[in-house]
Amino acid sequence: MAVIPCFYVPKRVNVAVMLFMICLINYMMRVNLSINIIAMVQERYENGTIIEKPDYGTRYEWSQQDQALLLGGYFYGYMITSLPGGTLAEMLGGRNVAGYSCLAGGVLTALTPLAASWDKYAVFAIRFLIGLFTGVVYPCCHNLVSKWSPPDEKGKFVASLMGGTFGTVITWPICGVIIENLGWVWAFYIVAMIVFVVVGLWFYLVADTPAQHTTIGIKEREFIESSLGATVGNKPKWPPYRQLVVSMPFWALTMLHYGSMWGLFFLLTATPKFLSEVLGFELSSAGFLSSLPHIARLLAAFGFGSIADWIRRKGWWTITFTRKIFCVPSHIMPGIMLIILAFFGRDPYVCVAIMTISLGFNGAATSSNLANSQDLAPNFAGTMYGIINCLGTTPGFFSPLIVAAFTSESNTIDDWFWIFIIGAAAYILPAIFFWIFGSGKIQKWNEVKTTEPSEDVVNTKL
């Protein structure tokens, strides 16, 4: 038996860190346009006079509708490949599918300034293709979590997927500083460079399963495999789509995920614009303040994930009850905060504080909608997440269109009232639906025989 040195770092920790990083670069490519576009557009007064802006590079005559189209372009492509992404991961391996897709996304990100010099539709095509390639990443990550995460570490493993949130946190302020010092084209080039570095580390450190990892210790591999028991199979299986379609717990999860994604994508695409154009913050300040809600979400995600793991180890609540209780901070509280914002958000700093609290509470999604696919069918967690994420991506292009519709004639805080109310409803109503129809039990169509009670957990420790 191999001797494990005293400084041995568990390979599942390396995998969790790289899951965090691959999600980080995924979001860097996703959200950089949200702030870059502010420096790329030539604005005019109502009489047609050009609004004087700092010289950050070439500016383009893109209307509000054009900008909404470009901001939504990523999500049109993302929705297409998110659907089969989980199945691709289960058949071909999550490591390669996620790694090569991010590599392609990095190349396309570097080509965005060239596309902008051609035409707005070239930019749309680039954004569409970036979304098309990277739509597989999160389903692949969920597939890897199902293979690498012991049950009582599930909350922290799922929280590692909040790397996307940290990607948002650093992208907006970094891009704001890059734009002000080097110009907006470098805000694309530097993001692409970061992507290439992370992808290289990903291929070096990650394997599809513990059994396929070349440097994992025997003790750790046996611990992971025994803790997962018979809930996860080793051979690829075709997903049970027919059973999924008629499964009410699956549709409850889909609704819950949709509500969470509406709130998240609304803030991803609209916050820099709202802070800069409505509240009047400078570009670099808008980038920093836009990141605050996502910092809160990231910290809360690990906090709520750790609490859920602790409750699970103690055996105090069933998994179903845990998922439903955590809907209160993940969905109900963010919805309430958006209602407060709609009625009382007049002071710029109060608006930022309310938005930060709202998305911060949504960090509890690591213990509600983001973890539930692992509960219902560990064998097909990637496929399930691909499906719900496909549907959950639609707010990425709906919300910019809604913002554009409500702000086409004027862009004041009053024009945003119904935008916030719609967001609140998108949070709260799915939570109610999940309370009625949601579940945390392993479903029969997981197709793997298990000797464990359906809501018990393995409590073995390394």
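Looking at an unreviewed UniProt entry, the chain carries the name Sialin, with the source organism given as Drosophila albomicans.

Chemist: Summarise the packing of helix α1 (residues 11–40) against helix α4 (residues 120–134); cite the residues concerned and give the values.
Modeler: At a minimum axis distance of 11 Å, the contact between α1 and α4 shows a crossing angle of 160°. Taken together, α1 and α4 sit at an angle that is classed as roughly antiparallel. Regarding α1 and α4, the two cross each other, and that crossing is left-handed. Only Arg-127, Ile-130 and Thr-134 of α4 make contact with α1, whose side of the interface consists of Asn-26, Met-29, Arg-30, Asn-32 and Leu-33. Partitioned by chemical class, the residues of the contact of α1 with α4 number 3 nonpolar, 3 polar and 2 charged.

Chemist: So, helix α15 (residues 348–361): which residues are in play, and what are the values?
Modeler: Every α-helix carries 3.6 residues per turn, so stepping three or four residues along brings you back to the same face. Taking 1.5 Å of rise per residue, 14 residues should cover 20 Å, and α15 covers 20 Å from first to last C-alpha, within 8% of that figure. Within the sequence span of α15, burial applies to Cys-351, Val-352, Ile-354, Met-355, Thr-356, Ser-358, Leu-359 and Gly-360.

Chemist: Got a sec to walk through the packing of helix α14 (residues 327–344) against helix α19 (residues 417–437)? Specific residues and values, please.
Modeler: Helix packing for two helices is described by the angle between their axes and how far apart those axes are. It is at 8 Å that the axes of α14 and α19 come closest, and there the two elements cross at 155°. Between α14 and α19, the crossing angle belongs to the class labelled roughly antiparallel. The element α14 and its partner α19 pack so that their crossing is left-handed. When grouped by side-chain class, the residues that make up the contact of α14 with α19 number 19 nonpolar, 4 polar and no charged.

Chemist: Residues and numbers for helix α7 (residues 163–182), please.
Modeler: In this model, α7 (20 residues) spans 26 Å end to end at C-alpha, consistent with the 28 Å of a helix rising 1.5 Å per residue. Gly-183 sits one or two residues past α7 and shows a positive phi near 105°.

Chemist: How would you summarise the confidence of the model for the chain if you had to cite specific residues and measurements?
Modeler: For the chain, the average pLDDT comes to 82, and 86% of its residues sit at 70 or higher. Taken together, the stretch residues 1–5 has pLDDT below 50 and engages in 4 contacts with residues farther than four places along the chain or on a different chain. With pLDDT under 50 throughout, residues 448–462 is counted as low confidence; its partners more than four residues away or in other chains account for 34 contacts.

Chemist: An account of the pattern of salt bridges is needed here, citing residue identities and associated values.
Modeler: Applying the stated rule across the entire model yields 3 salt bridges. Between Asp-66 and Lys-120 there is a salt bridge, with its nearest N and O atoms 3.1 Å apart. With Asp-66 in helix α2 (residues 64–92) and Lys-120 in helix α4, this pair connects stretches of sequence that are 54 residues apart. The exposure class assigned to Asp-66 is buried, which follows from its relative accessible area of 13%.

What counts, and where the lines are drawn
- Residues numbered from 1 in each chain as written.
- Predicted model: local features only at pLDDT ≥ 70, side-chain atom pairs only at ≥ 80, totals over all residues.
- Heavy atoms only, no water.
- Axes fitted to C-alpha atoms, helices over the stretch in contact; angles between N-to-C directions.
- Helix = DSSP H or I, 4+ residues; strand = E, 2+ residues; numbered from the N terminus.
- Parallel < 35°, antiparallel > 145°, perpendicular 65-115°, else oblique.
- Left-handed = near helix turned anticlockwise from the far one by under 90°.
- Contact = heavy atoms within 4.5 Å.
- Nonpolar A, V, L, I, M, F, W, Y, C, P; charged D, E, K, R; others polar.
- Expected span 1.5 Å × (residues − 1).
- Buried < 20%, exposed > 50% of the residue type's maximum accessible area, 1.4 Å probe, protein only.
- pLDDT = per-residue confidence, 0-100.
- Salt bridge = Lys/Arg side-chain N within 4 Å of Asp/Glu carboxyl O.

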